[in-house]
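Structural description and commentary
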Amino acid sequence: LGEARGVTATRRSEPRGVGMAGMPEQTVVVQLANALPTPVNVEVAERPPVPLAWDIVRSSHPFDKRDQRLFFKLQIEPRSEVELNYTVRTTEPEP
């Protein structure tokens, strides 16, 4: 996340758990706020917090996956907040 006056972000990772497929999963939440009187377009680039192979099993917003990173494009309305969240599942690395 980069800096922009009037636009802030906080990020937290929920505790890891085991998903329905029996594989480890973790949810990441990014809270974005726009204090400006105009809408802003924001691109959030995320590297999921897992060192192994992974898949996204749930996401609150559409994303592109490139080079083991996730890219979300969001518009935040004036003086409002948006919560972005996604759940990543650790998978077995391909041989």
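For the structure itself, look to the data block above.
Below is a summary of the structure that appears in this document. (Residues numbered from 1 in each chain as written. Predicted model: local features only at pLDDT ≥ 70, side-chain atom pairs only at ≥ 80, totals over all residues. Heavy atoms only, no water.)

Focus on the sheet that holds strand S7 (residues 69-76)
The strand order across the open sheet formed by three strands is S4-S7-S6, and the pairing between neighbours is antiparallel. The open sheet is flanked by strand S4 (40-46) and strand S6 (64-66), the only strands paired with a single partner. Each strand of the sheet is rotated relative to its neighbour by a mean of 25 degrees, with strand direction disregarded. (Pairing = 2+ DSSP bridges. Helix = DSSP H or I, 4+ residues; strand = E, 2+ residues; numbered from the N terminus. Axes fitted to C-alpha atoms, helices over the stretch in contact; angles between N-to-C directions.)

Some remarks on the packing of aromatic side chains
All chains considered together, the criterion is met by two aromatic pairs. On the basis of an interplanar angle of 55 degrees and a centroid distance of 5.7 Å, the ring pair of Phe63 and Phe72 is categorised as tilted. Phe63 sits in the partly exposed class, given a relative accessible area of 31%. Residue classification places Phe72 among the buried residues on the basis of a relative accessible area of 0%. Note on Phe72 and Tyr86: the rings are 5.8 Å apart at their centroids and 25 degrees apart in plane angle, and the pair reads as stacked. Residue Phe72 is found in strand S7, and its partner Tyr86 is found in strand S8 (residues 80-91); the two are separated by 14 residues along the sequence. The burial state of Phe72 is the same as that of Tyr86; both residues are buried. Cluster of aromatic residues (ring-pair linked, three or more members): Phe63, Phe72 and Tyr86. The positively charged end of Arg66 is found above the aromatic ring belonging to Phe71, 3.9 Å away from the centroid. (Phe/Tyr/Trp six-rings, centres within 6.5 Å; stacked < 30°, edge-to-face > 60°. Buried < 20%, exposed > 50% of the residue type's maximum accessible area, 1.4 Å probe, protein only. Lys NZ or Arg CZ within 6 Å of the ring centre and 35° of its normal.)

Some points on unusual backbone geometry
The phi angle at Asp67 is positive, at roughly 50 degrees, despite the residue not being glycine. In the Ramachandran plot, Gln68 falls in the positive-phi region, its phi being about 60 degrees despite a non-glycine side chain. Turning to its location among the elements, Gln68 is positioned in the loop between S6 and S7.

Here's the deal with the environment of Thr91
As for its placement among the helices and strands, Thr91 is situated in strand S8. Through-space distance from the C-alpha of Thr91 to that of Glu25 is 9.4 Å; in sequence the pair is 66 residues apart. Apart from residues no more than four positions distant in its own chain, Thr91 is found in contact with Met23, Leu52, Ala53, Trp54 and Asp55. (Contact = heavy atoms within 4.5 Å.)

What to know about the nonpolar core
One finds Leu32, Val42, Val44, Phe72, Leu74, Ile76 and Leu84 to be the most contacted residues of the largest nonpolar core, which totals 17 residues. Among the secondary structure elements, those contributing two or more residues to this core are strand S3 (24-34), S4, S7 and S8. Excluding anything up to four places from it in sequence, Val42 contacts Val7, Leu32, Phe72, Lys73, Leu74 and Ile76. (Core = buried A, V, L, I, M, F, W, Y, C linked by side-chain atoms within 4.5 Å.)

Side note on the side chain of Asn34
In this structure, Asn34 sits in strand S3. In this structure Asn34 comes out as buried when scored by relative accessible area, which is 2%. In this structure Asn34 touches Gly6, Val7, Pro39, Val40, Ile76, Glu77, Pro78, Arg79 and Ser80, once residues within four positions along its chain are discounted.

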